[in-house]
Amino acid sequence: MRTSTVQIFKTARRLLTGAHASHELAGEMQQLSMQRPLIVTDRGVSEAGIIDTIKEQLQQAGITELEIFAAINAEPEMAVVKACRQLFVEKSCDGIVAIGGGSAMDTGKAVAVYAGDDRPLVELFGEEQVRPRRYPLICMPTTAGTGSEVTNISILADTAAQLKKGIVSNELLPDVAIVAPELTLSCPPSVTAASGIDALVHAVESYLSNFATALTQPYSLAAVRKIKANLVRAYENPECMQAREEMATASLMAGLAFGNAGVGAVHALAYPLGGRYHLSHGLSNAMMFVPVMRWNQSSCPEQFVELAKAFGAPDSIQTMAAGDFVIAQIKELCEAVNIPSTLRTFDIPESELPELAVAASGVTRLLRNNPRELSLNDIEAIYREAY
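Residues numbered from 1 in each chain as written. Predicted model: local features only at pLDDT ≥ 70, side-chain atom pairs only at ≥ 80, totals over all residues. Heavy atoms only, no water.

**Q** Can you lay out the packing of helix H6 (residues 189-208) against helix H9 (residues 265-277) for me, pointing to particular residues and giving the numbers?
**A** For the pair H6 and H9, interaxial distance at closest approach is 9 Å and the crossing angle is 135°. Classified by the angle between their axes, H6 and H9 sit oblique to one another. Contacts between H6 and H9 pair Asp198, Val201, His202 and Glu205 from the former with Ala265, Val266 and His267 from the latter. Split into classes, the residues belonging to the contact of H6 with H9 amount to three nonpolar, two polar and two charged. (Axes fitted to C-alpha atoms, helices over the stretch in contact; angles between N-to-C directions. Helix = DSSP H or I, 4+ residues; strand = E, 2+ residues; numbered from the N terminus. Parallel < 35°, antiparallel > 145°, perpendicular 65-115°, else oblique. Contact = heavy atoms within 4.5 Å. Nonpolar A, V, L, I, M, F, W, Y, C, P; charged D, E, K, R; others polar.)

**Q** Explain the nonpolar core to me, and be specific about the residues and the numbers.
**A** Residues Ile197, Leu269, Met288, Met293 and Tyr383 are the most contacted members of the largest nonpolar core, which totals 76 residues. Setting aside chain neighbours within four positions, we find Leu269 in contact with Met288, Val292, Ala360, Ile379, Ile382 and Tyr383. Within the second largest apolar cluster, 30 residues are counted, among which are Ile72, Val81, Phe88 and Leu124. (Core = buried A, V, L, I, M, F, W, Y, C linked by side-chain atoms within 4.5 Å. Buried < 20%, exposed > 50% of the residue type's maximum accessible area, 1.4 Å probe, protein only.)

**Q** Quick rundown of a nonpolar patch on the surface? Include the residues and the values.
**A** Residues Phe9, Leu215 and Tyr219 make up a contiguous nonpolar surface patch of roughly 230 Å² in combined accessible area. Mapped onto the elements of the fold, Phe9 is located in the segment before strand E1 (15-17). (Patch = residues over 30% accessible without salt bridge, like charges linked within 9 Å, V, L, I, M, F, W, Y side chains within 5 Å. Areas by Shrake-Rupley, 256 points an atom, 1.4 Å probe, with all protein chains shown as cover. Salt bridge = Lys/Arg side-chain N within 4 Å of Asp/Glu carboxyl O.)

**Q** Break down the layout of surface pockets for me, with residues and values.
**A** The computed volume of the second largest pocket comes to approximately 210 Å³. Considering the residues around the second largest pocket, the lining is formed by 14 residues, among which Ala286, Val290, Pro291, Lys331 and Ser341 are closest to the centre. At the level of secondary structure, the elements contributing two or more residues to the lining of the second largest pocket comprise helix H10 (281-296), helix H12 (319-336) and helix H15 (376-386). It is H10 that provides the largest number of residues to the lining of the second largest pocket, a total of five residues. Partitioned by chemical class, the residues of the lining of the second largest pocket number eight nonpolar, two polar and four charged. (1 Å grid on protein atoms, 1.4 Å probe; cavity = no way out; pocket = protein on both sides within 12 Å on 5 of 7 lines; lining within 4 Å. Points joined across faces, edges and corners; volume = space filled by probe spheres on them.)

**Q** Mind laying out the pattern of salt bridges, listing which residues take part and the relevant values?
**A** Under the counting rule described, the total for this entry stands at 16 salt bridges. Where Arg36 meets Glu67, a salt bridge forms, and the shortest distance between an N and an O atom there is 3.3 Å. A residue pair is termed long-range when its members are at least 10 positions apart, and Arg36 in the loop between helix H1 (25-31) and strand E2 (37-40) and Glu67 in strand E3 (residues 67-69) qualify at 31 residues. On the basis of relative accessible area, Arg36 is assigned to the partly exposed category, the value being 22%. Glu67 gets classed as buried once you look at its relative accessible area, which sits at 19%. The salt bridge partner of Arg131 is Asp118, with a shortest N-O separation of 3.4 Å. Highlighted residues: Arg131 in the loop between strand E5 (126-127) and strand E6 (137-141) and Asp118 in the loop between helix H5 (102-114) and E5, separated in sequence by 13 residues. Residue Arg131 is classed as partly exposed on the basis of its relative accessible area, which comes to 39%.

Structure below.
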């Protein structure tokens, strides 16, 4: 854990949560003087009727001029961000409302900073490479998993490099985040599963991060407890509003934690899987979760004791048993929501594992957060374990 006495906690500037929080959107837009918004979403959310409901609410509040961009891919690509920006500029929009999963929110966040910048998009990648944001931004998640609504990062796919890259800046923190569990009711079970495991990865990795603090770790552990208690309920009973609300809160808590403490090797090794094979972010993380935790458990045994307790272990659990307990709980949850357990399930050639290791070793922004260092050979060994 970081020992500095100076701790900075970043999140959206305004946060609304709870059942029916989505009804507050029009009022929040008016507070931001947003009259011609671009709604950034995806086809699945649009076809579920969520956007129609939002439009009706906005029209009743007198906001009748709006544009919709619904061409978001499962993993947002740079070309999609450029197309979204072009629509924003052509239609003279004055703000962005991102409604969807992580892909929609990451796209919306990127466009919010890119719309007022005439540089090539590639120059925005990295840490604090963007200029001050000129347009207001509201994020509304429709999945319980990514936590993007409260983080300062946008992850995009660079198809040429076959790798995911991040725009990292506090300018990406939304003006308003609205976490409304009713928006997650339309999630199909597979999305509920993958996004739920994604949230669990965020919670666990942020807890173990070298940059975790006394402010972030309680959020991490609370998220673990809620996901353990509610993910299977939400997966098996999609209409259960209580389970949906608990998962939405868990995802938010995990987002608050990793948005400040960072994530580690699970994400670093997952990025090339998404970039090369177009696995969803949640599935990519799930594939690497257990082998990376097995690698990490010897480096921070005391933290694994606390994680084990959050997963339901008795307070008397011993240090030597805690890591194995956590890993068993992760495997059990993944199996309960039908998450595949091996890379070969996705027809990834074993011969390409060394190339994946090279790509992952370059994700130093995340690897530096991991509690145990990984060499190139270590990374390849973890991929082979996951295969």
